[in-house]
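The lines below spell out each chain.
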Amino acid sequence: LPAAAAGPEPGAEPAGGAGGMAGRTVRVVGIPTDIPPERVADKLTIHFLRARNGGGEIADITLVAGSPACALVTFEEAGVAQRVLEVENHVLLVGGKTYPLTVTAHAAELSPDEIFVRVCMVIDYGRLLDGKTLLRSLRRRYGAVQFSFDPKETLCTVKGPFTELQAFGRELLRSQHAGEAPPEGVTGTSASQQGPRSPLPEPRVEKQPRPGQVHEGGSEPPLHRDPVDGEAVEQLEDFSLVMDADIYLYMQKFCSDKYQRVLQQHQVDVVDVSSDGIAVLYLQASSKSTGNISSVVQARLALLCLYQQLEASLRKEKVSKGELSSDMRSQRALLGDLQKLCPLLLCHEDERHLYLIGNLVDVSQAKQYIQDGSTGRRATAGLRLPDTSLAPYTAALPGGEARLGTSEPTVGPSPQD
């Protein structure tokens, strides 16, 4: 990643451009400033994932230092951002303290390269010390800049993106003032960061999301958290992973061997906290670990892969208890029947609903069994397990192979296996 000093000033648009984030980003003021930024990012992630706050899938969270400090939250869909803006009161609860939040639409700022689409300048290298050699040396390191030497005069025309030519121009002048060509092996971006600051921000290169990333440094840089890719996290002692609580329960019940194998292989401990349908897993190196931070990163990636496989293949349905018998003993008997009928189905309940989590076949079959009971047509013998004609489809779902003769849910190998 570029040095923090090369990032946007407080309040500037995070990497990704105005077009990519238009309508999907909100500005949040009132965030805590007395706790670590990574914890603030975790709390904001949970707050804006919750449906009661109008939230949904988050693409990016950037914490911007300044007065006042704020956060830029970018959602996967513009409709989610609109719902969040329509919620009247946003209150963040951290450690027993409440922080009223002010949420407004974020006006994106254009990057210099979006304004100055293409820049051209002509250099008289005859006025430079060993100018042609110097330009050829720079050309090897600025791939986005086009060089065209005039065969009749000591002129060279260069064309390229504005920020790239900015960096190139500074390095050219600095090398000339030093009386020598720039050292080999220095990239254009790194060289530009060694010169005086430009009044315009340098471009930032960042990865696209998929859960959390935090980076810090310098005076008043943005503290960026990217929820899609957690591999580039700076040296933190623990990491977090946000999951749907029901899928996490399913993972623990039916994929416990796979889950525990990841933790043991990478010597990682997990503390999980569940609230309002969301589970947050905090990963940190175990006491037996050698302390290599990469093992925590690899464990997080493996657990994320396992979660995504389950998320893609599981289905969740809720059944109102008004459709069931009011007798508690009958309800308990029903849960027992469902577990016998669909061994790989997760069932749990609250005061108003019964929840069914499993593959498409199991959930559909369980709902049919419940509906038949409510109409007096229940006949367990009438519901059959899928035959071989459903094998290709069923085997692709968690638990599909168990239906056809194996004993565990089918989950594809993680990157670590």
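Looking at an unreviewed UniProt entry, the protein carries the name PAR14-like first RRM domain-containing protein, with the source organism given as Chelydra serpentina.

Caption draft 1: Highlighting the confidence of the model for the protein. For the protein, per-residue confidence averages 74 on the pLDDT scale, and 68% of positions sit at 70 or higher. Below pLDDT 50 for its whole length, residues 1–19 participates in 48 contacts with residues either more than four positions away or in separate chains. Counted against residues more than four places away or in other chains, residues 379–407, with its pLDDT under 50, gives 49 contacts.

Caption draft 2: Structural detail: the pattern of salt bridges. Summed over the entire model, instances satisfying the criterion amount to eight salt bridges. The residue Arg127 makes a salt bridge to Asp124 at a minimum N-O spacing of 3.4 Å. Assessed through its relative accessible area of 71%, Arg127 is described here as exposed. By relative accessible area, which is 30% here, Asp124 ends up partly exposed. Salt-bridge contacts for Arg315 lead to Glu317; the nearest nitrogen and oxygen are separated by 2.8 Å. One network of salt bridges, with partners in common, ties together Arg315, Glu317 and Lys367.

Caption draft 3: Main features of unusual backbone geometry. The linkage connecting Ser67 with the following residue, Pro68, adopts the cis geometry, with an omega of 0°. Mapped onto the fold, Pro68 is located in the loop between β2 (58–64) and β3 (70–75). With phi around 50°, Asp130 is a residue other than glycine that occupies positive phi space. Mapped onto the secondary structure, Asp130 falls in the loop between β6 (119–124) and α5 (131–139). For Gln267, which is not a glycine, the phi torsion comes out positive at approximately 55°. Examined against the element boundaries, Gln267 turns out to sit in the loop between α9 (256–266) and β11 (268–275). On the basis of relative accessibility, which here comes to 33%, the residue Gln267 falls in the partly exposed class.

Caption draft 4: Region of interest: empty space enclosed by the protein. Under the definition given, this model contains one cavity of 30 Å³ or more. The space that makes up the largest cavity amounts to roughly 40 Å³. What lines the largest cavity is Lys321, Leu324, Gln331, Leu334, Leu335, Glu349 and Leu354. For the lining of the largest cavity, the element with the highest residue contribution is helix α11 (residues 328–341), accounting for three residues. Among the residues forming the lining of the largest cavity, the class breakdown is four nonpolar, one polar and two charged.

Caption draft 5: Spatial organisation of the sheet that holds strand β14 (residues 346–349). Ordered by their spatial adjacency, three strands build an open sheet running β13-β15-β14, and the pairing between neighbours is antiparallel. If you trace the sheet from one side to the other, it starts and ends with β13 (315–320) and β14, each paired once. Each strand axis lies, on average, 20° off the axis of its neighbour in the sheet, ignoring direction. Where helix α8 (residues 245–254) meets the sheet, it contacts β13, β14 and β15 (353–358), and its direction lies at approximately 130° from that of β14. Together, β14 and β15 form the strand contacts of α11, whose direction differs from that of β14 by roughly 165°.

Caption draft 6: A look at the packing of aromatic side chains. The tally for this structure, following the rule as stated, stands at seven aromatic pairs. Both rings, one in Tyr250 and one in Phe254, keep their centres 4.6 Å apart while their planes meet at 45°; by these two values the pair is tilted. Of this pair, Tyr250 and Phe254 both sit in helix α8, four residues apart, which is roughly one turn of the helix. By relative accessible area, Phe254 is classed as buried at 12%. A connected cluster of aromatic rings, assembled from ring pairs, spans Tyr142, Phe147 and Phe168. The aromatic ring of Phe149 is capped on one face by Lys132, whose charged end is 5.5 Å from the ring centroid.

Caption draft 7: How the structure looks around the nonpolar core. Within the largest apolar cluster, 31 residues are counted, with the highest numbers of intra-cluster contacts made by Tyr250, Met251, Leu281 and Leu283. Mapped onto this core, the elements with two or more residues apiece are β10 (238–244), α8, α9, β12 (278–285), α10 (293–313) and β15. Top element by residues in this core is α10. It accounts for nine residues. With sequence-adjacent residues up to four places away left out, Leu281 is seen in contact with Phe239, Ser240, Leu241, Met243, Tyr248, Tyr259, Val270, Val271 and Asp272. Formed by 23 residues, the second largest nonpolar core is a distinct cluster that contains Ile31, Leu63, Val73 and Val103.

Reading the values: rules and limits
- Residues numbered from 1 in each chain as written.
- Predicted model: local features only at pLDDT ≥ 70, side-chain atom pairs only at ≥ 80, totals over all residues.
- Heavy atoms only, no water.
- pLDDT = per-residue confidence, 0-100.
- Contact = heavy atoms within 4.5 Å.
- Salt bridge = Lys/Arg side-chain N within 4 Å of Asp/Glu carboxyl O.
- Buried < 20%, exposed > 50% of the residue type's maximum accessible area, 1.4 Å probe, protein only.
- Helix = DSSP H or I, 4+ residues; strand = E, 2+ residues; numbered from the N terminus.
- 1 Å grid on protein atoms, 1.4 Å probe; cavity = no way out; pocket = protein on both sides within 12 Å on 5 of 7 lines; lining within 4 Å.
- Points joined across faces, edges and corners; volume = space filled by probe spheres on them.
- Nonpolar A, V, L, I, M, F, W, Y, C, P; charged D, E, K, R; others polar.
- Pairing = 2+ DSSP bridges.
- Axes fitted to C-alpha atoms, helices over the stretch in contact; angles between N-to-C directions.
- Phe/Tyr/Trp six-rings, centres within 6.5 Å; stacked < 30°, edge-to-face > 60°.
- Lys NZ or Arg CZ within 6 Å of the ring centre and 35° of its normal.
- Core = buried A, V, L, I, M, F, W, Y, C linked by side-chain atoms within 4.5 Å.

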